[in-house]
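One letter stands for each residue in the lines below.
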Amino acid sequence: MVQLTVSAASKPPPFARGLPLTLDIPSGATVVEVKRAIVAKYPKFKPTRQRITLKGDRKPLVDETKLSDVFDTKNDWELQVKDLGPQISWQTVFIVEYLGPILIHPLFYHFPRLWYGVDVEHSALQKYVYAFVMLHFAKRELETLYVHRFSHDTMPWLNIFRNSGHYWIFGGIFLAVDVYRPKFSANSPYIVNTFRDNELFLWICAGLWAFAELSNLHTHLTVRSLRPAGSRKRGIPRGYGFGLVSFPNYFFEILGWAIICGMTGSIGALLFTVIASVTMGKWALKKHINYKKEFGKEYPRGRKVMIPFIF
């Protein structure tokens, strides 16, 4: 047994005013065992709220880390804990995010008189886009439930409003308001006798969109295969798409939305696609840098971040 001191990294929450805390723990104990010991002392200080770091360090220690691996001697063992506040699971956040467009698009598609003041005879283009949007977000929900394995269990619960805003407002309201309006209807001059009313053009777009969606799913399954259930293990993804970029899943998702932009010429679709592309680009760059730091020379040097040969 060794003596471990746990102090507060910042102002402790009201239910843990007794920090610093001294614990007697086995030398082979892990960070998650420290979290449980803190809960035993302060029952309201749930493990998901705790961020454990070395004293003076901001990098969190993962739950599986053995304390004997981070301390050189058996003296002066000290960790810090920060209260992350109320948390919500990443899976719940994803489900809520993608639920927005699934609920919003049918309201504008099936009840146009409520929003536009007139009935809309839907063009084939509108029917295709409606199917694409509903299938895309249904796929995302199913992936959240059955495919994705998250690196972090939770996030601050207030972030759900920020994260959901992108999908509910831009992918939901803005896109639906624009693409189901009379301008894109079956009798509109914007549609009649144009390529947007051409069955072959629509079928080609549908085939390209399906290719992008299935490719996106394939890359998600590849990443899933690298992480056993219940583990935080990370590996270098290889194979389809990954030979060119670190995050082909983002590339294929952007491709799917770019196809909808090209089909429709919709400002709403373009706005959502641009915002999504910039956001995913930031995520991809950060993760790409982390990959290179973690795997060093093992990581393929020629890979771009997200867009083949460009970025």
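Residues numbered from 1 in each chain as written. Predicted model: local features only at pLDDT ≥ 70, side-chain atom pairs only at ≥ 80, totals over all residues. Heavy atoms only, no water.

Look at the link from Leu-19 to Pro-20: it is a cis peptide, with omega at 5 degrees. For Pro-20, the location among the structural elements is in the loop between β1 (2-8) and β2 (21-25). If you check the backbone angles, Phe-309 has positive phi at about 70 degrees while not being a glycine. Along the chain, the position of Phe-309 falls in the segment after α9 (267-295). (Helix = DSSP H or I, 4+ residues; strand = E, 2+ residues; numbered from the N terminus.)

This part is about helix α8 (residues 248-264). Side chains that are three or four residues apart share a direction in an α-helix, a result of its 3.6 residues per turn. Taking 1.5 Å of rise per residue, the 17 residues of α8 would be expected to cover 24 Å, and the 25 Å separating its terminal C-alpha atoms lies within 8% of that figure. Taken across its 17 residues, α8 has 13 buried, putting it largely inside the fold. Gly-265 sits one or two positions beyond α8 and adopts a positive phi of about 70 degrees. (Expected span 1.5 Å × (residues − 1). Buried < 20%, exposed > 50% of the residue type's maximum accessible area, 1.4 Å probe, protein only.)

This next bit is on the domain arrangement of the protein chain. Here the protein chain is described as being made up of domain 1 (2-85) and domain 2 (88-298). Its C-alpha centre places domain 1 at a distance of 39 Å from the equivalent point of domain 2. (Domains from an automatic or database assignment.)

Here the focus is the packing of aromatic side chains. The relation between two aromatic rings is expressed through the spacing of the ring centres and the mutual angle of the planes. Taken as a whole and assessed by the stated rule, the structure comprises 29 aromatic pairs. Summarising the aromatic geometry, the rings of Tyr-291 and Tyr-299 are spaced 5.2 Å apart at their centres and angled 15 degrees between planes, so their arrangement reads as stacked. Both residues of the pair, Tyr-291 and Tyr-299, belong to the buried class. One aromatic cluster is present, built from ring pairs that chain together Trp-90, Phe-94, Tyr-98, Phe-137, Phe-150, Tyr-167, Trp-257 and Phe-272. One residue, Lys-183, lies across the ring of Tyr-190, its end atom 4.5 Å from the ring centre. For the cation-ring pair, Arg-303 lies above Tyr-299, with the distance from its terminal atom to the ring centre recorded as 5.1 Å. (Phe/Tyr/Trp six-rings, centres within 6.5 Å; stacked < 30°, edge-to-face > 60°. Lys NZ or Arg CZ within 6 Å of the ring centre and 35° of its normal.)

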